[in-house]
Amino acid sequence: MSRLPALGAPRPVRIPEHVEVVLPSGLTVLAVRRQGEPLAETRLRIPFAGADGARAALLARTLLARTVPAGATAAQRFGGTLGAEVDRDRLRISGRAPAGALDRLLAVLVDALEAGSYPAAEVRSARAGLAEQLRTDRSRPAQQAAAALARRIHHGHPYGRPTPEPAAVGAVTEGELAALHRELVRPVGSTLVIVGALDPQAAAETAARRLAHWTGTAPACVLPPVPPLRPGPLLLLDRPGSTQSALRIAFPAVSRGHRENAPLRLANLVFGGYFCSRWVANLREDKGYTYGPHSAIEERPAGARLIAAVEVATEYTAPTLVETLHELGRLACLPPTRAEVDRARQYTLGALAVLGMSTHRDLANLVAGLVDGGLPLGYLAEHVDRLAGATVDEVHEAARAHLAPSGAVAVLVADAARVERAVAAVMPVTVCQEVA
């Protein structure tokens with residue numbers, strides 16, 4: 001039997017050449033050079049904590065329709081794109097254009113940021129489209145499970161309402177959108193990331209010139225820390241007639257800046273965070289219950305959680321739960337092998353060094369993710385050192401502290417008549433008849 005070659009030392013992460021400036025308006029501009037195709041990627045992050053969910057969602061959907069021609073259409077004229085989305089923490093506007101058209105892309109962006117009214121026809125169309133999308137999403141077991149888990153682990157917190165009610169979206173007026181825009185679409189506390197085959201200093205100067213007249217302050221709003229997890233019986237949400245079950249499990253986690261983050265990332269990879277993990281091998285390769293179980297750390301400003309997610313055919317629901325608890329308990333009680341930790345380490349370091357920076361878009365998303373976490377670009381080197389230095393004992397301790405079944409909160413969306421008895425034999429269950 002041939003032996004696999006030993007894993008080499010991790011390649012050091014080279015922090016790309018970059019320039020960071022804070023404009024008089026309070027906007028931070030972070031421009032990063034990446035050689036390659038002559039493109040520029042932009043990521044604008046605007047604080048939106050405390051905004052009404054329905055209004056914020058509709059604003060993101062109509063923001064780029066407020067210019068004439070519409071922002072997205074205007075950008076397409078020179079080969080660019082613009083798009084907006086929002087969550088409970090921030091409004092995110094992403095753009096792409098040829099590097100030589102960065103100035104024009106920013107001109108379209110600032111036009112949308114400064115414009116003062118929302119077209120009634122666009123708002124009517126967006127209201128109908130968003131409400132229908134929300135209703136469709138809520139009919140899917142996976143979405144129902146995710147929403148139910150959010151309500152349970154973030155009880156009383158804004159994160160517990162990740163999406164607005166369709167009826168609330170339908171009641172939003174153009175005037176309310178304009179008022180929200182005037183209140184929160186402001187440069188103070190916002191960050192613009194620019195990544196591409198460009199000179200960082202010149203790109204920052206272009207941004208400073210184009211966005212010089214985007215001014216104004218917004219009320220500071222910081223969401224409270226997420227509440228601690230409250231373990232209890234598995235919550236079974238009845239979906240009569242469903243042929244598929246959706247399981248979501250939440251665990252406590254730590255954010256990127258925490259010293260335990262690197263060992264926890266490796267522990268998660270050993271459990272279920274990538275294709276070679278134990279959970280995937282068990283459920284997919286060995287048992288054939290499902291194709292893609294997955295677990296990941298969700299990091300947000302108010303707190304982090306580790307979420308495990310899987311969908312299976314109804315007849316495999318209880319067996320999947322058994323195997324999931326088995327893998328979690330095994331990892332919490334027994335240390336992983338050095339080979340498992342080294343494979344996980346090599347995977348995540350490779351993803352950072354190669355996949356995370358392989359294109360302008362990847363690097364822009366990576367940098368924007370650091371911005372979201374309040375971390376400097378130089379954090380990447382520190383994080384790589386922590387991943388490279390994490391020991392098997394540290395990974396095991398992270399698994400014991402964060403991935404133990406006793407500290408988890410679980411939600412299952414399934415046909416209760418078909419699965420309750422079998423699931424109740426595995427762990428305590430509380431049945432709820434309302435899945436919406």
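Residues numbered from 1 in each chain as written. Predicted model: local features only at pLDDT ≥ 70, side-chain atom pairs only at ≥ 80, totals over all residues. Heavy atoms only, no water.

Q: Could you clarify how one ought to interpret helix α16 (residues 416-424) in this entry?
A: Note that an α-helix has 3.6 residues per turn; residues three or four places apart therefore point the same way. Every buried residue of α16 is listed here: Ala416, Val419 and Val423. With its buried residues spanning 90° around the axis, α16 presents them on a single face. For α16, the exposed residues lying more than 90 degrees away from the buried face are Ala417, Arg418 and Arg421. Residues of α16 that are buried in the fold lie against β7 (234-238), β8 (244-252), α11 (317-333), β11 (409-414) and β12 (429-432). By the N-cap criterion, in which a side-chain oxygen at the helix start approaches the backbone nitrogen of a residue two or three places on, α16 is capped by Asp415, the distance to Ala417 being 3.2 Å. (Buried < 20%, exposed > 50% of the residue type's maximum accessible area, 1.4 Å probe, protein only. Helix = DSSP H or I, 4+ residues; strand = E, 2+ residues; numbered from the N terminus. Arc of directions from axis to C-beta. Contact = heavy atoms within 4.5 Å. Polar contact = N/O pair within 3.5 Å; in protein donor to acceptor, adjacent residues only side chain to side chain.)

Q: It is not clear to me how the pattern of salt bridges should be interpreted in this structure. Could you clarify?
A: If the charged atoms of two oppositely charged side chains come close together, the side chains can form a pair. Inspection of the entire model under this criterion finds 31 salt bridges. Among the salt bridges present, the one from Arg256 reaches Glu299, with a minimum N-O distance of 2.9 Å. Here Glu299 lies in strand β9 (residues 294-300) and Arg256 lies in the loop between β8 and α9 (261-273), a separation of 43 residues in the sequence. For Glu299, the salt bridge is made with Arg265, and the minimal N-O distance between the two is 2.8 Å. Of this pair, Glu299 sits in strand β9 while Arg265 sits in helix α9, placing them 34 residues apart in sequence. A residue is classified by how much of its surface remains accessible, and Glu299, at 27% relative accessible area, is partly exposed. What emerges from the salt-bridge pattern is a single network uniting Arg45, Glu85, Asp87, Arg90, Arg92 and Asp372. (Salt bridge = Lys/Arg side-chain N within 4 Å of Asp/Glu carboxyl O.)

Q: How should the sheet that holds strand β2 (residues 28-33) be read in this particular structure?
A: Note: strands within a sheet are paired through backbone hydrogen bonds, in either parallel or antiparallel orientation. Read from one edge of the open sheet, six strands run β1-β2-β6-β3-β5-β4, paired in mixed fashion. The sheet is open, and its two edges are formed by β1 (18-22) and β4 (81-86), each paired on a single side. The average angle at which neighbouring strand axes cross in this sheet is 10°, direction not considered. With five bridges joining them, β1 and β2 adopt antiparallel strand pairing. Among the inter-strand pairings, His18 is bridged to a residue of β2, identified as Val32. Against the sheet, helix α8 (residues 200-210) makes contact with β1, β2 and β6 (191-196), and its axis sits at roughly 150° relative to β2, the strand it touches most. (Pairing = 2+ DSSP bridges. Axes fitted to C-alpha atoms, helices over the stretch in contact; angles between N-to-C directions.)

Q: For this particular structure, what's the right way to read α9?
A: Helix length check: α9 (13 residues) gives 14 Å between terminal C-alpha atoms against 18 Å at 1.5 Å per residue, more than 12% under. The buried fraction of α9 is high, at twelve of 13 residues. Within α9, the full set of buried residues consists of Asn261, Ala262, Pro263, Leu264, Leu266, Ala267, Asn268, Leu269, Val270, Phe271, Gly272 and Gly273. (Expected span 1.5 Å × (residues − 1).)

Q: Can you walk me through the packing of α9 against α11 in this structure?
A: The description of two helices packed together rests on the angle between their axes and the distance between the axes. Axis separation between α9 and α11 bottoms out at 11 Å; the angle between their running directions is 150°. Taken together, the axis directions place α9 and α11 in an arrangement best described as roughly antiparallel. α11 is crossed by α9, and the crossing has right-handed handedness. The segment α9 lies against α11, with Ala267, Val270 and Phe271 engaging Thr324, Glu327, Leu328 and Leu331. Across the contact of α9 with α11, the residue classes tally to five nonpolar, one polar and one charged. (Parallel < 35°, antiparallel > 145°, perpendicular 65-115°, else oblique. Left-handed = near helix turned anticlockwise from the far one by under 90°. Nonpolar A, V, L, I, M, F, W, Y, C, P; charged D, E, K, R; others polar.)

Q: Would you mind showing me how to read the packing of aromatic side chains here?
A: Each aromatic ring pair is characterised by the separation of its centres together with the angle its planes make. In the structure shown here, the tally under the stated rule is three aromatic pairs. Plain terms: the ring middles of Tyr274 and Tyr347 are 4.6 Å apart, the flat faces sit at 40° to each other, and that makes the pair tilted. You can see Tyr274 sitting in the loop between α9 and α10 (278-286) and its partner Tyr347 sitting in helix α12 (residues 338-353), a full 73 residues away along the chain. On the accessibility criterion, Tyr274 (10% relative accessible area) is buried. Each ring, one from Tyr289 and one from Tyr316, has its centre 4.9 Å from the other, and the planes form 25°; the classification is stacked. In this pair, Tyr289 is assigned in the loop between α10 and β9 and Tyr316 in the loop between β10 (303-313) and α11, connecting sequence segments 27 residues apart. (Phe/Tyr/Trp six-rings, centres within 6.5 Å; stacked < 30°, edge-to-face > 60°.)

Q: For this particular structure, what's the right way to read the packing of α11 against helix α15 (residues 392-402)?
A: Orientation of α11 relative to α15, taken along the N-to-C sense of each, is 130°, at an axis distance of 7 Å. In this view, α11 runs oblique relative to α15, as classed from their interaxial angle. Here the hand of the crossing between α11 and α15 comes out left-handed. Between α11 and α15, the contacting residues are Leu331, Ala332 and Cys333 on the first element and His396, Ala399 and Arg400 on the second. Of the residues belonging to the contact of α11 with α15, the class tally is four nonpolar, one polar and one charged.

Q: Which parts of the structure should I look at to understand the sheet that holds β9?
A: Strands sit in the order β9-β10-β8-β11-β7-β12 across an open sheet of six strands; the sheet is mixed. Taken across any chain shown, the strands that pair with only one partner, and hence form the sheet edges, are β9 and β12. The average undirected angle you get between the axes of adjacent strands in this sheet is 20°. As defined by bridge partners, β8 adjoins β11 across five bridges and the pair is classed as antiparallel.

Q: Is there a simple way to think about the side chain of Thr290 in this case?
A: On the secondary structure map, Thr290 appears in the loop between α10 and β9. Within the local environment of Thr290, its side chain forms a polar contact with the backbone oxygen of Glu311, the two atoms lying 2.7 Å apart. If sequence neighbours within four positions are ignored, Thr290 has contacts with Leu283, Arg284, Val310, Glu311 and Val312.

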